[in-house]
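One letter stands for each residue in the lines below.
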Amino acid sequence: MDKNKGKKKRPNPGAPTRQSKAIPTTAPTKVEQAYEPWKPGVLLWLHLGIITVVLLILRISLIDLPLERDESAYAYLGKRAIEGLAPYRDFYEMKPPLLFYGYGLLDLIFGYSHAGLRWGAWFLTCLMCGAIYLIGRSFFGPKYGLVAALVLALFSANPYTSMVFAESELLVMALALYGIWFLCRLLQEKEHPKQEHWWLMGAGLLIGSSVMVKQSAVFFLGFAAVALILLAEGDNLRARLGKLIQRGLWFSVGAVIPVLLCLGIILGFGVWEEFAFWNLEYPNLYTQNTNEGAGFDLLKVNFESLTQRQLLLWILSGLGLLAIVLKGLNKKMSIALVALVLFSFLTLVPGRRYYLHYWIQFLPAVALLFAHLFFQLEKSGERLNLSIARNLSFPLAALFLLVGVALSSAHWLKTDSNTLMREMFGGNPFVEDQLMARMIESQIQPNETVAVMGSEPQIYVYLNRKAPSRHFYTAFLSRPHRFTKIWHEEALEGLKTQKPDYVVFNIVSMSWMLRPDSDQGFYQNSYSWVIENYNPIAWADYVDYYNPTIVTDAAASTYKPQSGSYVMLLKKK
């Protein structure tokens, strides 16, 4: 604003006035511009650099956490995919094909290893934080975009959010968030750019690809629908409808590309029936025993774990949702923000399990709400001419972020990976599986093989070995379906035919995921065959889950387990 407004020179009333002819000049006119300490491009890269450095500092101490079950399964499937094996026939999972090839690409870039998965997870989180910065920038401007990205980075340093693990939801969001940003950028523009159709196609391509990684991402298409409606402006209903159809078609062209790609993969390998089973039939079997009461209990327990030491950030984010009534955003962007929060939350609902890693799909929206609260505080200060609110809103957001860092320090400054892993996954043998893998690695020969009885594919990843059959994840063999008997015979035959040199047998309920209606045929028959043909060389006995009894060397051959839950490492007789 011109500081001299209202103080313009007035002519002397006593001086005679005379008209003078204007003299043309070629001198350039000096136009005063507002001072900008940073050019937009420089500010963008500065903020992205800050986000990257902060994320590295918060996550570096968590890089050595042992592998967990799901991330290892996806890495194993990715390895099989890039080897050219047929999805759903030579290997399988109940997710669309882009999951396999996405993880195959991560295996190629970061390595098929423990470190590769950890750095891959960090990279995907970095992409998510970058996307949420760009989305926040579209909603609130650069500085509150930075706040949103730093909140998400801080969330990721809480191991209970599962963002330190290479979960499939990280890949989903690394794709979907950039598609969402494309749409938010179009909503932000006062005049739609000439390249609008490319932005729409890109949004469709990215969000459609996320759905082809995990089915729950389909809810982000709901946000896209809202955004397209908001973009359909016009003087009358017919004009708005025409623009909606036009823009919807461009978006759909992009969204259908990954679907056609996956269809080509399925038809190319001739695995349509297998695909239909794993993506349509089996998911119903997986979720059918979760009732509303059990679902609510899971929601409560997992939310408590998710928010521990970070509850303050969640409370402020909740206030950020309520702050939508303050009208600091225009109507269009307010509707878009509420839609993003709603459809992000709906990704948690299918199956009513609310597992911790599911929340990765909701955390970006929570981070945006945190930034929205302080953005609204600043805008309220501007409207009400309250300089204290206008000037302190951003420093206050930074202060709460620092408080969040301090409260969360027990996570990202942890001293013992194994203790933290046992606290998070009590009842799972993730620490001991790493120990068993190291024992095998110290003595296995290049031509020798390994079998893991139980759903612990991380051992195959640690050792870079292949399972005796396609049934590398035994929980799938425990659930009753029309292929159960056939698969039991196939898995047992693969074990007997290959006669692996080493076997890791998990007598752990969460590894086999047995239920009252489970067919335990393979579990029992494989145990009998292994005990007959192998000698134990190490034990991990869970007399105390936080301090299991480890027995190795000569003592292992005569050891008798003291609990009903243990892991055996055996070698062929």
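Not measured: the values here are computed from a predicted model.

**Describing the confidence of the model for the chain**
In this model, the chain carries a mean pLDDT of 90, and residues with pLDDT of at least 70 account for 91%. Every residue in residues 1-35 is under pLDDT 50, and counting partners more than four places away or in other chains gives 0 contacts.

**Topic: helix 3 (residues 97-110)**
For helix 3, with 14 residues, the first-to-last C-alpha span of 20 Å sits near the 20 Å given by 1.5 Å per residue. When we look at burial in helix 3, the residues that qualify are P97, L98, L99, F100, G102, Y103, G104, L106 and D107.

**Points about unusual backbone geometry**
A positive phi is found at Y354, a non-glycine position, where the angle reads about 55°. Structurally, Y354 is set in the loop between helix 13 (331-346) and helix 14 (363-383). Overall, Y354 belongs to the buried group, its relative accessible area being 10%. Unusually for a residue other than glycine, N464 sits at a positive phi of about 55°.

**Overview of the sheet that holds strand 2 (residues 502-507)**
Strand order across the open sheet formed by 5 strands is 1-2-5-3-4, with mixed pairing between neighbours. Bordering the open sheet on either side are strand 1 (450-453) and strand 4 (549-552), each of which pairs with just one other strand. Going across the sheet, the axis of each strand differs from the next one's by a mean of 20°, ignoring polarity. With 6 bridges connecting them, strand 2 and strand 5 (residues 566-572) associate as antiparallel partners. Across the sheet, Y502 pairs through a bridge with K571, a residue of strand 5. Packing of helix 23 (residues 521-533) onto the sheet brings it into contact with strand 1, strand 2, strand 3 (534-541) and strand 5, and relative to strand 2 it is tilted by some 135°.

**Observations concerning the environment of L267**
Note on placement: L267 falls in helix 9 (residues 237-269). Judged by its relative accessible area of 53%, L267 falls in the exposed class.

**Overview of the nonpolar core**
Of all hydrophobic cores here, the largest spans 185 residues; its most connected members are F223 and F505. Beyond its immediate chain neighbours, meaning those up to four positions away, F223 contacts I180, L183, C184, A336, A339, L340 and F343.

**Considerations on the packing of helix 8 (residues 220-231) against helix 13**
Where helix 8 meets helix 13, the axes come as close as 8 Å, and the angle between the chain directions of the two elements is 170°. Between helix 8 and helix 13, the interaxial angle falls into the category roughly antiparallel. In terms of crossing hand, the pair formed by helix 8 and helix 13 is right-handed. Together, F220, G222, F223, V226 and L230 of helix 8 and K332, I335, A336, A339, L340, F343 and S344 of helix 13 make up the contact between the two elements. Here the residues of the contact of helix 8 with helix 13 are counted per class, giving 9 nonpolar, 2 polar and 1 charged.

**As for helix 15 (residues 387-407)**
End to end, helix 15 covers 30 Å across 21 residues, agreeing with the expected 30 Å (1.5 Å per residue, within 8%). Every buried residue belonging to helix 15 is among A389, S393, A397, L401 and G404, and all of these are buried.

**Some thoughts on the pairing of strand 1**
Each regular strand displays side chains that alternate between the two surfaces of the sheet. Burial of the side chains of strand 1 extends over both faces: V450 and V452 are buried on one face and A451 and M453 on the other. Pairing between strand 1 and strand 2: 4 bridges, direction parallel. Its bridge partner lying in strand 2, M453 is registered against F505.

The rules behind these values
Residues numbered from 1 in each chain as written. Predicted model: local features only at pLDDT ≥ 70, side-chain atom pairs only at ≥ 80, totals over all residues. Heavy atoms only, no water. pLDDT = per-residue confidence, 0-100. Contact = heavy atoms within 4.5 Å. Helix = DSSP H or I, 4+ residues; strand = E, 2+ residues; numbered from the N terminus. Expected span 1.5 Å × (residues − 1). Buried < 20%, exposed > 50% of the residue type's maximum accessible area, 1.4 Å probe, protein only. Pairing = 2+ DSSP bridges. Axes fitted to C-alpha atoms, helices over the stretch in contact; angles between N-to-C directions. Core = buried A, V, L, I, M, F, W, Y, C linked by side-chain atoms within 4.5 Å. Parallel < 35°, antiparallel > 145°, perpendicular 65-115°, else oblique. Left-handed = near helix turned anticlockwise from the far one by under 90°. Nonpolar A, V, L, I, M, F, W, Y, C, P; charged D, E, K, R; others polar.

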